[in-house]
Amino acid sequence: MNSGIDFLKAQKSAESYKAKAFWLLRIGSIVLLIAYCVLVSVTFSYWIYLGTESKNITKQIEAKKQRIEELRKVELLQVMLKGRQTLLHELLSKKRANYPQIITYLKDSSPAGFTIRTLEISEEGEIKITGSAPDVQIASKFLDNLTSPNSEVSFEKAILSSATRSIDGVYTLNLLLRI
Amino acid sequence: MITKYKSYLIPILVVLIIFVSSLVFLKPKIIDLIEIQKKNSEERKKLAQLSQKVAALEGLDINELTAKSDLLLKILPAEKDIPNFLTALKIISQQTNVTLKSLKTDPGAISTVSAKPKTKEQKGLPSVPFDLIVRGENDMIKDFLQKVENVMPLMRIEIVSLSNREDNFVEASLILNAYFQPLPQNIGPLEQSISLVTQEEENTYQTLSGLEPAATESSLLEVVSGRENPFSF
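None of the values given here were measured: they were computed from a predicted structure.

Engineer: Account for the overall build of chain A, with residues named and values stated.
Structural biologist: In terms of regular secondary structure, chain A is built from four helices and four strands. Tracing chain A from N to C terminus, the helices and strands come up as α-α-α-β-β-α-β-β. Its C-alpha radius of gyration of 50 Å places chain A more than 25% over the 16 Å reference for a compact globule of 179 residues. Across its three principal directions, the C-alpha atoms of chain A cover 165 × 55 × 25 Å. Every one of the 179 residues in chain A was classed for burial, and the buried ones make up 33%. Accessible surface computed for chain A: about 11300 Å², of which carbon and sulfur atoms make up 60%. Counting 24 positive and 18 negative side-chain charges, chain A places the centres of these two groups 13 Å from one another.

Next comes the structure, spelled out in structure tokens:
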């Protein structure tokens, strides 16, 4: 019988394990180094790419600015027009009194005998009337015409500020209206 | 002992190289990259704005703009053209057969943009105020009121007071504003975007383009300036 006891078996096993570990460590570090080199290359390449892109964009911006300089006269005209048109539109969009229409309407609403002595009309549609009538019926008819629901012009406000009768029987009315 | 740690040399070297070069090279490069990227993004937006502006400007017809600006300058003069305003009022009164009894204005400095005008500054447009008194029959006065707001240059009645006279004539006292608008001093930097006219503003322009000029070239007042030539007979 030739059976021997291998006293070095445990030691051999430990050494083998250790050698494997070192081998893995070595391979790992090489792989890590390669990966790092790839990362550096990618970073560097991207940096070059961004630099080139930046130059292209700057070049395009300069070209556009040059073109805008060539079109400066067009821009000047457009700015001038836009400014004027905006202000005119704002001005003309405001609701305003139509003076001829109001004058015609008040004249047509005046019954025979009623005289509009003074008439003041503001841009905002405030109307002050001083009128006279020889009798109260005519004065009253004028007021009815103004406040009639079928009237051509509708008033937001209609106030009889004063009504006086003079010694000769003439009635004077002061009215404040608002369209 | 050195032999014992010889196997660890390569991994340690690798880690050391990676650590040092990251600090010296990689980290600053990455920071630089982020900044360049941010800057490129902003530049791209700027480029898009400029491209939009170029496209808008190239879409405009300079002949059309010139024709419009000529008309708008007649409707809304660039300066307080007092002689033109006065002539327009005089002509309108003649055309409507009303008598121009009095005409007053207080335009302040006849200025360009640099001076401070003494005018009634409306919220939007500056104007020159006129106080007039006209006299005529009722229909003539109505025509006058109608016409004065439908001619070039643009004028608007602020307030009108009518009083009936005993001879069936009407006397109208008006406060009228004649508008003007100085030319823009500058049009802003190149990068400033351009505003186009809206449809409503265009509609207003179309309405105004129907206005008639009150005064023709020949009817404008001749303003004599300078000293008299002492050698002329």
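Engineer: Residues and numbers for helix α1 (residues 9–70) of chain A, please.
Structural biologist: An α-helix turns once per 3.6 residues; consequently, residues spaced three or four apart project the same way. Look at α1(A): 91 Å from first C-alpha to last across 62 residues, which is about the 92 Å you get at 1.5 Å a residue. Among all positions of α1(A), only A:Phe22, A:Ser29, A:Tyr36, A:Val40, A:Thr43, A:Leu50, A:Glu53, A:Ser54, A:Ile57, A:Ile61, A:Lys65 and A:Ile68 are buried. Buried residues in α1(A) make contact with α2 (72–93) of chain A together with α2 (9–58) of chain B.

Engineer: A description of the packing of aromatic side chains should follow, citing residues and the corresponding values.
Structural biologist: Under the counting rule described, the total for this entry stands at six aromatic pairs over all chains. Seen in terms of ring centroids, A:Phe114 and A:Phe142 are 4.0 Å apart; in terms of plane orientation they differ by 15 degrees. Their pairing is stacked. Separated by 28 residues along the polypeptide, A:Phe114 in the loop between α3 (99–109) and β1 (115–122) and A:Phe142 in helix α4 (residues 136–147) bring together distant segments of the chain. Geometrically, the ring pair formed by B:Phe85 and B:Phe130 is edge-to-face, given 6.1 Å between the ring centres and 80 degrees between the ring planes. Taken together, the positions of B:Phe85 in helix α4 (residues 82–95) and B:Phe130 in strand β3 (residues 126–136) put the pair 45 residues apart, joining distant regions of the chain. Judged by its relative accessible area of 0%, B:Phe130 falls in the buried class.

The rules behind these values
- Residues numbered from 1 in each chain as written.
- Chains lettered and ligands numbered in written order.
- Predicted model: local features only at pLDDT ≥ 70, side-chain atom pairs only at ≥ 80, totals over all residues.
- Heavy atoms only, no water.
- Helix = DSSP H or I, 4+ residues; strand = E, 2+ residues; numbered from the N terminus.
- Rg over C-alpha atoms; globule rule 2.2 N^0.38 Å.
- Buried < 20%, exposed > 50% of the residue type's maximum accessible area, 1.4 Å probe, protein only.
- Areas by Shrake-Rupley, 256 points an atom, 1.4 Å probe, with all protein chains shown as cover.
- Lys, Arg positive; Asp, Glu negative; His and termini not counted.
- Charge placed at Lys NZ, Arg CZ, Asp CG, Glu CD.
- Expected span 1.5 Å × (residues − 1).
- Contact = heavy atoms within 4.5 Å.
- Phe/Tyr/Trp six-rings, centres within 6.5 Å; stacked < 30°, edge-to-face > 60°.

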